[in-house]
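Now for the letters of each chain:
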Amino acid sequence: MFRRIDGGDNGTAGALSFDGQAIPFRAGDTVAAALLAAGVADVRDNPVDGSRRAPYCMMGVCFECLVEIDGRQNQQACLVTAKPGMRIRRQAGARLLPEGAL
């Protein structure tokens, strides 16, 4: 599983919530890094086959880390800096569109 390689202890900068569970993070962590460091194995379900997906590239290219952040769907967890009090939810399937959006 994922583990930090820096060896130092930067201390905890705060905590965010992932599906109701408190996840501590360090200063400068992205949401994806915080989730992986906390042992979260997957962050979304594939809209085609329902398979579980997890952060992969960690640089915004692959879109495997899509989550809902503070009510906004399709947010790339690897590109968003973690902040205290964020509410993160696993994204299940495709993004929901408002009625009449198409």
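Refer to the structure presented above.
No experiment lies behind these values; they were computed from the predicted model shown.

Conventions we followed
Residues numbered from 1 in each chain as written. Predicted model: local features only at pLDDT ≥ 70, side-chain atom pairs only at ≥ 80, totals over all residues. Heavy atoms only, no water. Helix = DSSP H or I, 4+ residues; strand = E, 2+ residues; numbered from the N terminus. Rg over C-alpha atoms; globule rule 2.2 N^0.38 Å. Buried < 20%, exposed > 50% of the residue type's maximum accessible area, 1.4 Å probe, protein only. Contact = heavy atoms within 4.5 Å. Areas by Shrake-Rupley, 256 points an atom, 1.4 Å probe, with all protein chains shown as cover. Lys, Arg positive; Asp, Glu negative; His and termini not counted. Charge placed at Lys NZ, Arg CZ, Asp CG, Glu CD. Salt bridge = Lys/Arg side-chain N within 4 Å of Asp/Glu carboxyl O. Pairing = 2+ DSSP bridges.

The subject of this paragraph is the overall build of the protein. Within the protein one finds one helix and seven strands. Ordering the α and β elements of the protein from the N terminus gives β-β-α-β-β-β-β-β. In summary, the protein has a C-alpha radius of gyration of 14 Å against a globular reference of 13 Å for 102 residues, a match within 12%. For the protein, the spread of C-alpha atoms along the three principal axes comes to 50 × 25 × 20 Å. With 102 residues in all, the protein has 36% of them scored as buried. Intrachain contacts of the protein at a sequence separation of at least 6 include 40% that bridge at least 24 residues. Element-wise, carbon and sulfur atoms account for 51% of the exposed surface of the protein, whose accessible area totals about 6,300 Å². Side chains of the protein carry 12 positive and 11 negative charges; the gap between the two charge centres is 2 Å.

Okay, the environment of Ile88 next. Within the secondary structure, Ile88 is located in strand E7 (residues 87–92). Sequence spacing of Ile88 and Leu35 is 53 residues, and the spatial spacing of their C-alpha atoms is 9.9 Å.

Take the pattern of salt bridges next. Within this structure, the stated rule accounts for eight salt bridges. Linking Arg52 and Asp45 is a salt bridge whose minimum nitrogen-to-oxygen distance equals 3.2 Å. For Asp70, the salt bridge goes to Arg87, with nearest N and O atoms at 4.0 Å. A residue pair is termed long-range when its members are at least 10 positions apart, and Asp70 in the loop between strand E5 (66–69) and strand E6 (72–76) and Arg87 in strand E7 qualify at 17 residues. The class of Asp70 is partly exposed, set by a relative accessible area of 36%. The structure contains a network of salt bridges with shared partners spanning Asp19, Asp42, Asp45, Arg52 and Arg90.

Here we come to the pairing of E7. Two elements, strand E1 (residues 14–18) and E7, share two bridges in a ladder whose sense is parallel. Along E7, the bridge assignment pairs Ser17 with Arg87. Relative to E7, strand E3 (residues 44–45) runs parallel, the two being bridged by two bridges. From the neighbouring strand, Asp45 faces E7, where its bridge partner is Ala92. As defined by bridge partners, E5 adjoins E7 across three bridges and the pair is classed as antiparallel. Across the sheet, the residue bridging to Glu68 is Arg89, located in E7.

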